[in-house]
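Breakdown of the fold
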Amino acid sequence: MQETPFCLSVGHFLSYSMSDSNSTDFNNPSTFILLGIPGLEAAHVWISIPFCAMYAIAILGSFTILFIVKREPSLHGPLYYFLCMLVITDLVPSTAVLPKMLSIFWFNSREINFSACLTQMYFILSFSVIQSGILVAMAFDRYVAICDPLRHSNTLTNPVVAKIGLATVLRGIMLVLPYPFLVRKWPYCRTNIIPYTFCKHIAVVKLACADIRISSYYSLSVAFLVTGVDVFCIAVSYIQILRAIFSLPTKDARLKTFGTCGSHLCVILASYTPHLFSALTQRFGHNVALHFQVLMSNMYLLVPPMLNPIIYGAKTQEIRDRLLQLFTQKGT
């Protein structure tokens, strides 16, 4: 029976790992080996093309948003400050992952230093938590702007916005800080092969030959605390927003007011849906093909930073108008 390329590649790395097991101290491994997308090794170069395109669009869109907001004094408000925080936060995880991912796809450079692996993991997790907090802050901004518009400018002053931004950053830093310390604590006596394009926390922890319930329970607690609480806060905000919208006297007023929330709702869906789908397939999709799980993990790192600037650029009239003015001036 002919072996598949996936079996051959995994077999090669397993034999490599086993042959070095006598000389490598897996209790403190110096390197991990990233397989890329198992089963799709022959298509790595082709897969890199859309990944690079998504990242390039994300970079272009994010810096365009930052430039327009900085250049236009009329956009110096809470919503656009939070938007700038969001596009910067979105770029960090994808920037932490893409260079190594491309070195795997293009040069078959699969080794990653143990400390670099932990650093990559920390940046991915911490900025995902920060991103979720910023989405809550944006929902709060929309709630105040629609439900109590007369107090919006007095409630969300620049110092308050800065404090909210600092609080979201500190929450991400502190909640994720135990992850790398726990991962470093475990002994690794089986293998150092990670069947992903990056150091995903659950994939690294599964390599440990120890009782990893502390890591599992802590990651579940953080997921519930962050995703559960943040989604609940966003839902409560939008329930109040919808009540205020439906109390407006005319249909045009209701549509116009709801339109101010449309871009934020689209960003919420673009941010949470890929992450939730990836987490569910990782934990419960035992019959889902491994290459599909890996692709979905990459999607939740690359899709939101690409879509969010496009969504706000297309659906926010102020940004769209400034962008058109910019191109018109250049054309003139």
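Note that the coordinates shown come from a computational prediction; the quantities given were computed from them, not determined experimentally.

1. What to know about the overall build of the chain
Each helix and strand counted, the chain has 12 helices and three strands in total. Once local pairs closer than 6 in sequence are excluded, the contacts in the chain between residues at least 24 apart make up 79%. Accessible surface, the chain as shown: approximately 16900 Å² in total, 69% of it carbon and sulfur.

2. With respect to the packing of helix α4 (residues 114-147) against helix α7 (residues 178-185)
Running from amino to carboxyl end, α4 crosses α7 at an angle of 150 degrees, the nearest separation of the two axes being 9 Å. In terms of orientation, α4 and α7 fall into the roughly antiparallel class. At the point where α4 passes α7, the crossing takes the right-handed sense. Counting all contacts with α4, which are made through Phe114, Ser115, Leu118, Met121, Tyr122 and Leu125, the residues of α7 involved are Tyr179, Pro180, Val183 and Arg184. Looking at the contact of α4 with α7 residue by residue, the classes come out as eight nonpolar, one polar and one charged.

3. Details of a nonpolar patch on the surface
On the surface, Leu166, Val169, Leu170, Ile173, Met174, Leu177 and Phe181 cluster together into a nonpolar patch covering about 630 Å² of accessible area. Ranked by the residues each element gives to the nonpolar patch, the list is headed by helix α6 (residues 158-176), at five residues.

4. Quick notes on helix α9 (residues 213-246)
Taking 1.5 Å of rise per residue, 34 residues should cover 50 Å, and α9 covers 47 Å from first to last C-alpha, within 8% of that figure. Those residues of α9 lying buried are Ser215, Ser219, Val222, Val226, Asp230, Ile234, Ser237, Tyr238, Ile241, Ala244 and Ile245.

5. Section: the nonpolar core
By size, the foremost hydrophobic cluster in this structure holds 41 residues, and its most contacted members are Phe32, Phe51, Phe105, Tyr188, Ile194 and Val204. Listing elements by their share of this core, those giving two or more residues are β1 (31-34), α2 (44-71), α3 (78-107), α4, α7, α8 (201-205) and α11 (290-315). In terms of residue count, α3 provides more of this core than any other element does, seven residues in total. Listed in part, the 35 residues of the second largest apolar core include Tyr80, Cys261, Ile268 and Ala270.

Rules used in this analysis
Residues numbered from 1 in each chain as written. Predicted model: local features only at pLDDT ≥ 70, side-chain atom pairs only at ≥ 80, totals over all residues. Heavy atoms only, no water. Helix = DSSP H or I, 4+ residues; strand = E, 2+ residues; numbered from the N terminus. Contact = heavy atoms within 4.5 Å. Areas by Shrake-Rupley, 256 points an atom, 1.4 Å probe, with all protein chains shown as cover. Axes fitted to C-alpha atoms, helices over the stretch in contact; angles between N-to-C directions. Parallel < 35°, antiparallel > 145°, perpendicular 65-115°, else oblique. Left-handed = near helix turned anticlockwise from the far one by under 90°. Nonpolar A, V, L, I, M, F, W, Y, C, P; charged D, E, K, R; others polar. Patch = residues over 30% accessible without salt bridge, like charges linked within 9 Å, V, L, I, M, F, W, Y side chains within 5 Å. Salt bridge = Lys/Arg side-chain N within 4 Å of Asp/Glu carboxyl O. Expected span 1.5 Å × (residues − 1). Buried < 20%, exposed > 50% of the residue type's maximum accessible area, 1.4 Å probe, protein only. Core = buried A, V, L, I, M, F, W, Y, C linked by side-chain atoms within 4.5 Å.

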